Amino acid sequence: MIRGAIASLALLALVGCANNPPPKKKAAPVRINEDPYPSTYHAYPGTLTVIRGATIFDGEGGQIDNGTIVLADGAIQAVGGADTPVPAGAYEVDGHGKWVTPGVIDVHSHLGDYPSPGTSSLSDGNEATGPVRPEVWAEHSVWPQDAGFSRALANGGITTLQVLPGSANLFGGRSVVLKNVPARTVQGMKFPGAPYGLKMACGENPKRVYGQKGGPQTRMGNIAVTRATWLKAQSYKRKWEKYERDGGDMPERDLAMDTLRGVLDGKILVHNHCYRADEMAIMIDLSHEMGYKITAFHHAVEAYKIADLLQKEGICAAMWADWWGFKMEAYDGIKENIPFVDKAGACAIVHSDDPNGIQHLNQEAAKALADGRRAGYNITDASAWRWLAINPAKALGIADKTGSLKQGKMADVVLWNGNPLSTYTRPDKVWIDGAMMYDAENPRIRPVSDFELGQPGEGDVK
Amino acid sequence: MIRSALAALLITAAAPLSAQSVAIVGGTVALGDGSEPIQNANVVIRNGKIVGAGYNYPVPRDAEIIDARGKWVTPGIVAGFSRLGLAEVDLSMHEEEGAGGSQDTAGSADDSTPNGPFSAAIDVVPAINPLNTTIAVNRADGVTRAVVAPNAGRSIFAGQGAVIDLGADMDPVTARRRFQFVELGQAGAEHAGGSRASAHVLFRNALREASELQRYAVSVSSNAIPEQGEDPVIKDPNESRLIGPNAKRSEDVMLTRFDAAALVPVLQGKQYLLVHVERASDILQVLRLKREFPNLKLVIVGATEGWTVADKIAASGIPVIASAANDLPASFEQLAATWSNVGRMRNAGVKVSIGMIDDNDTRYLFNERQYAGNLVGLARVPGATAVSWGDAMAMLTSAPAAAVGLEGQIGSLKAGRRGDVVIWNGDPLEMTSNVDAVWIDGVKQPLETRQTKLRDRYRDLTPNTLPEAYRR
């Protein structure tokens, strides 16, 4: 805001001097505010907390039996075995028979953009008015009163989620990473310091939506429009870099190109909806051609066919455990997709894309784990938990802040009432930045959205 | 697939083979009747039927012995509500702008008829393709039978549904025209022109038109009707061609003759009427239909808000097939949604079973056991209402069978039931457990699917002397 005001002043000054030619020296470049809707999230107060006796999955593949974890000042203070030193005066939680994991991270959600109730008036997830809409930002559609956030917290142990625009468009717009903490405004939920993402899509959806609306109508059309758009973005980037270096007349700003330039500058991460192996391979070449990096393929139903390529390129695959066949590009889905990608050494992620699925990503991981083991890939429970923790944190660019139980990281922690890879298990308590945001034992520590107040079932167990 | 299907056909045709007994011994056996699992128990199948099951159940001398020690044995899962076999790919070629529009799926989906002239007369059976990959994938995960309903197309009446088996053969039908399916909630309002009130008037008018035709109904017990012209031989009481050409109708009819005729068995109570409603007030309206039309054999499908009127549903004796996993206010008819819905209805005495009344109905029936496990797990959530393990298993097996009157045939390991048996390598309500073996009508089933073949083709990505296309 302040920077913008200065920009206006500078322009006015130029106009004012029109009759009196300025010296040859060009005006200094004005910096564009890259964070005009800043996070106002703050951690809620927590108390010094110790959980003892639990089985701990640290989110990076490690397991500690009879473990101890200490939370204070919003951060993880210590994680270790039974002999871990514990500060005096801590609120003690008995973890015997229970499990402790990092909070679950869903890299693919539309909560708030396609909220409950699913009325057309609240359906704000796809700006399906043109195939290239990188100027739209998912956060500007997020309705914080979506009851789905509370279900994701209480049933799924979700502490962080990425809300993406839908996949109708080749360029769907910017995503936003949220802390799963209720707030009056979306700014109040924004994960501080998380980079933006760009939602891209290949395959059936863009051509289905735009095939009769001016195109693209084919996969080759999808790629052609995508390439042409990146060429424009490169040109925009050059123009702005020159201006930022040399000053002079400010080039016209283009919100769509701002987003794409952010990708080319490595500041915005690409989340590419793509199902088929052959299409992912084309998108990889396209990214090389245009000079950007694909952070993650989302849905990636055929990732198992190119797991080696994904490993080589360092691209994550965010996948379902068992969705398949609901459309042609999902026809070759197999239940071993997630474990096979993991086995190849690539970054495997369990994602939801669904307000119900986000409530049991732990069980989705369990299914994938079991199917992987049946196919001969023997990994530990704790190792499978990476698919819900450090791997999605990497894909969101926040692995230095959350996504595993390491000293100094955000105290985003779930205490489960049993092994979280069981269908019988649910969160017992959830802490976000060290504040207890859900407690199964205490109906007062359970969020109820404005929408649900005064409705049947208000405040019920869900 | 085709080869194994043919193989299975041959086995079925060769009757003496199925006379052989199979004894599954030493497993943890759940009968599916609501009881808790029995350790170290045997299950005996003969002539395609269950002979019996239990601790130390006698094993016939000539039986093929299957060692199930360390395994779990259950009746096959009966998908309580589904569209199995109706769609290969739900969305393949065109869709009207945006999501959820009517679909032209290029012949791969037959679950809905938005543009056809008929409604209640539609019989889902000709649309069922037993070679759909959805059948094989669900069979490989222990689903052996399914209640299959058409989607409502141009009317509140979707048509007549069937109960099918998931066997690898070309004879899927267990019970044809078992029920009529009607929408009387939000979807009913949409199909009736915009309001629930209109849906209820349409419903009553349809039954009025059916009652006019009822007088002309051909007696089913009469076998003397020659097959000629429009008077075919009628043996099925739910046959929509039951009404001959001489039947007189009022001038103010809205239904086609076939549609009205199809509702005669509903009116007579010879065919179940599955009614989809979610909202509490809609459920109460359905309960009142019973007073107005005492012969209706009603089953409520959905009932997300059922727990709020559970005592009234229980008193009516009407069974409920519910989606276990509804806990969001996804619409204004599901505001009271909670995971505890099923348990609370069960505790109030409602006959509850589990189905998929949502987008998952074409292919994800294998996840019913996951949701049943979730219901059991609620026991550890303060304030929530769980169901027992035995009840949860029954809700996947005998309870949906009973809802459509087939509990004497399928859904449990009691003597005389069809030989639908699954061996699991662990607790079947845990998704970490997998299927070891499946029998349907006593026939051991192939567990190979398109998915397992793709898995095996790509499990090793090391380059070979020939491309992947040569691996199978």
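Each value, and the rule that gives it
- Residues numbered from 1 in each chain as written.
- Chains lettered and ligands numbered in written order.
- Predicted model: local features only at pLDDT ≥ 70, side-chain atom pairs only at ≥ 80, totals over all residues.
- Helix = DSSP H or I, 4+ residues; strand = E, 2+ residues; numbered from the N terminus.
- Buried ≥ 20, exposed ≤ 12 C-beta atoms within 10 Å, placed from the backbone.
- Contact = placed C-beta atoms within 7 Å.
- Rg over C-alpha atoms; globule rule 2.2 N^0.38 Å.
- Pairing = 2+ DSSP bridges.
- Axes fitted to C-alpha atoms, helices over the stretch in contact; angles between N-to-C directions.
- Domains from an automatic or database assignment.
- Nonpolar A, V, L, I, M, F, W, Y, C, P; charged D, E, K, R; others polar.
- Parallel < 35°, antiparallel > 145°, perpendicular 65-115°, else oblique.
- Left-handed = near helix turned anticlockwise from the far one by under 90°.
- Expected span 1.5 Å × (residues − 1).
- UniProt positions renumbered as here; feature names shortened; annotations may be inferred.

- An unreviewed UniProt entry annotates chain B as Amidohydrolase family protein of Sphingomonas alba.

- In the nomenclature of an unreviewed UniProt entry, chain A is known as Amidohydrolase of Sphingomonas alba.

A look at the overall build of chain B
So, point 1. Along the backbone of chain B there are 14 helices and 18 strands.
So, point 2. Split into buried and exposed, the 472 residues of chain B put 58% on the buried side.
So, point 3. In chain B, once contacts between residues fewer than 6 apart in sequence are set aside, the share between residues at least 24 apart is 69%.

Here we look at the overall build of chain A
So, point 1. The number of helices and strands found in chain A is 11 helices and 16 strands.
So, point 2. What you see for chain A is a C-alpha radius of gyration of 23 Å, in line with the 23 Å of a compact globule of 462 residues.
So, point 3. Dimensions of chain A, computed from C-alpha atoms along their principal axes, come out at roughly 80 × 50 × 45 Å.
So, point 4. Burial status across chain A gives 56% buried among its 462 residues.
So, point 5. The long-range share in chain A, meaning contacts at least 24 apart out of those at least 6 apart in sequence, stands at 71%.

Considerations on the sheet that holds strand 11 (residues 294-299) of chain A
Residue and element names in this part refer to chain A.
So, point 1. Read from one edge to the other, the open sheet built from 8 strands follows the order 6-7-8-9-10-11-12-13, with strand pairing classed as mixed. The sheet is open, and its two edges are formed by strand 6 (104-109) and strand 13 (348-350), each paired on a single side. Direction aside, the axes of adjacent strands within the sheet are offset by 25° on average.
So, point 2. The sheet contact formed by strand 11 and strand 12 (residues 316-319) spans 4 bridges and is parallel. Along strand 12, the bridge assignment pairs H298 with A318.
So, point 3. Those strands touched by helix 9 (residues 361-374) are strand 6 and strand 13, and its axis lies near 130° from that of strand 13.

Overview of the domain arrangement of chain A
All names here are of chain A.
So, point 1. Per the domain assignment, the segments of chain A are domain 1 (1-33) and domain 2 (104-403).
So, point 2. One C-alpha centre belongs to domain 1, the other to domain 2; they are set 39 Å apart.
So, point 3. At the junction of the two partners, domain 1 supplies 5 residues and domain 2 supplies 6 residues.
So, point 4. Residue composition of the side of domain 1 that touches domain 2, by class: 4 nonpolar, no polar and 1 charged.

Considering the packing of helix 11 (residues 368-377) of chain B against helix 12 (residues 389-396) of chain B
All names here are of chain B.
So, point 1. Where helix 11 contacts helix 12, the two axes come as close as 9 Å, and the packing angle between them is 155°. For the element pair helix 11 / helix 12, the angle class is roughly antiparallel. Considering the relative orientation of helix 11 and helix 12, their crossing is right-handed. Of the residues in helix 12, those in contact with E368, R369, A372, L375 and V376 of helix 11 are W389, A392, M395 and L396.
So, point 2. Classifying every residue of the contact of helix 11 with helix 12 by side-chain character gives 7 nonpolar, no polar and 2 charged.

Looking at unusual backbone geometry
So, point 1. The omega torsion of the bond from S116(A) to P117(A) falls at -5°, within 30 degrees of zero and hence cis.
So, point 2. Across the junction of G215(A) and P216(A), the peptide omega takes the value 5°, indicating a cis bond.
So, point 3. Residue position: P216(A) is located in the loop between helix 3 (204-210) and helix 4 (219-246).
So, point 4. Its identity is not glycine, yet N66(A) carries a phi of approximately 50°, on the positive side.
So, point 5. With respect to the helices, strands and loops of the structure, N66(A) is situated in strand 2 (residues 63-72).
So, point 6. Phi at R177(B) is positive, roughly 50°, even though this residue is not glycine.

Quick notes on the packing of helix 4 of chain A against helix 6 (residues 277-290) of chain A
All names here are of chain A.
So, point 1. The geometry of helix 4 relative to helix 6 is characterised by a closest axis approach of 10 Å and an angle of 20° between their N-to-C directions. Here helix 4 lies roughly parallel to helix 6, going by the angle between them. Pair helix 4 / helix 6 crosses with right-handed handedness. Between helix 4 and helix 6, the contacting residues are I223, T226, R227 and W230 on the first element and I282, L286 and M290 on the second.
So, point 2. Here the contact of helix 4 with helix 6 is composed, by residue class, of 5 nonpolar, 1 polar and 1 charged.

Regarding helix 8 (residues 280-292) of chain B
Residue and element names in this part refer to chain B.
So, point 1. Under the 1.5 Å per step criterion, the end-to-end length of helix 8 is 19 Å for 13 residues, consistent within 8% with the ideal 18 Å.
So, point 2. A280, D282, I283, V286 and L289 are the residues of helix 8 that are buried.
So, point 3. On its buried side, helix 8 packs onto helix 5 (196-214), strand 12 (272-277), strand 13 (297-302) and helix 9 (310-316).

Digging into the UniProt feature "domain: Amidohydrolase-related" (unreviewed entry) in chain A
So, point 1. On the UniProt side, "domain: Amidohydrolase-related" (unreviewed entry) is annotated at positions that read residues 99-434 of chain A here.
So, point 2. Within the segment residues 99-434 of chain A, helix and strand shares are 32% and 18% respectively, and the terminal C-alpha atoms sit 17 Å apart.

So, helix 2 (residues 148-156) of chain A
Residues and elements named next belong to chain A.
So, point 1. Burial runs high along helix 2: 9 of the 9 residues are buried.
So, point 2. Along helix 2, the residues that are buried comprise G148, F149, S150, R151, A152, L153, A154, N155 and G156.
So, point 3. Where helix 2 terminates, the next one or two residues include G157, which has phi positive at roughly 65°.

Quick word on the interface of chain B and chain A
So, point 1. Between chain B and chain A, the residue contacts involve 46 residues of the former and 52 residues of the latter.
So, point 2. If you list the elements that add at least two residues to the side of chain B that touches chain A, you get helix 3 (133-139), helix 11 and helix 14 (450-458) of chain B.
So, point 3. At 5 residues, the largest contribution of residues to the side of chain B that touches chain A is made by helix 11 of chain B.
So, point 4. For the side of chain B that touches chain A, a count of residues per class yields 20 nonpolar, 16 polar and 10 charged.

Overview of the domain arrangement of chain B
Residues and elements named next belong to chain B.
So, point 1. Split by domain assignment, chain B resolves into domain 1 (2-76 + 418-455) and domain 2 (86-181 + 264-403).
So, point 2. With centres defined by C-alpha atoms, the gap from domain 1 to domain 2 works out at 26 Å.
So, point 3. Each partner contributes to the interface: domain 1 provides 32 residues, whereas domain 2 provides 30 residues.
So, point 4. Counting residues per element, the ones that place at least two in the side of domain 1 that touches domain 2 are helix 1 (2-13), strand 5 (72-75), strand 16 (421-424), strand 17 (435-440) and helix 14.
So, point 5. Counting residues per element, the side of domain 1 that touches domain 2 draws most heavily on helix 1, which supplies 5 residues.
So, point 6. Considered class by class, the residues forming the side of domain 1 that touches domain 2 number 16 nonpolar, 10 polar and 6 charged.

With respect to the sheet that holds strand 15 (residues 352-355) of chain B
Residues and elements named next belong to chain B.
So, point 1. Here we have 8 strands laid out as an open sheet, ordered 6-9-10-11-12-13-14-15, and mixed in their pairing. At either margin of the open sheet sits one strand with a lone partner, and together these are strand 6 (77-82) and strand 15. Neighbour-to-neighbour, the strand axes of this sheet turn through a mean angle of 30°, independent of strand direction.
So, point 2. Across 6 bridges, strand 10 (residues 157-165) lies against strand 11 (residues 173-183) in antiparallel orientation. Within strand 11, the position partnered with G159 by the bridge is F181.

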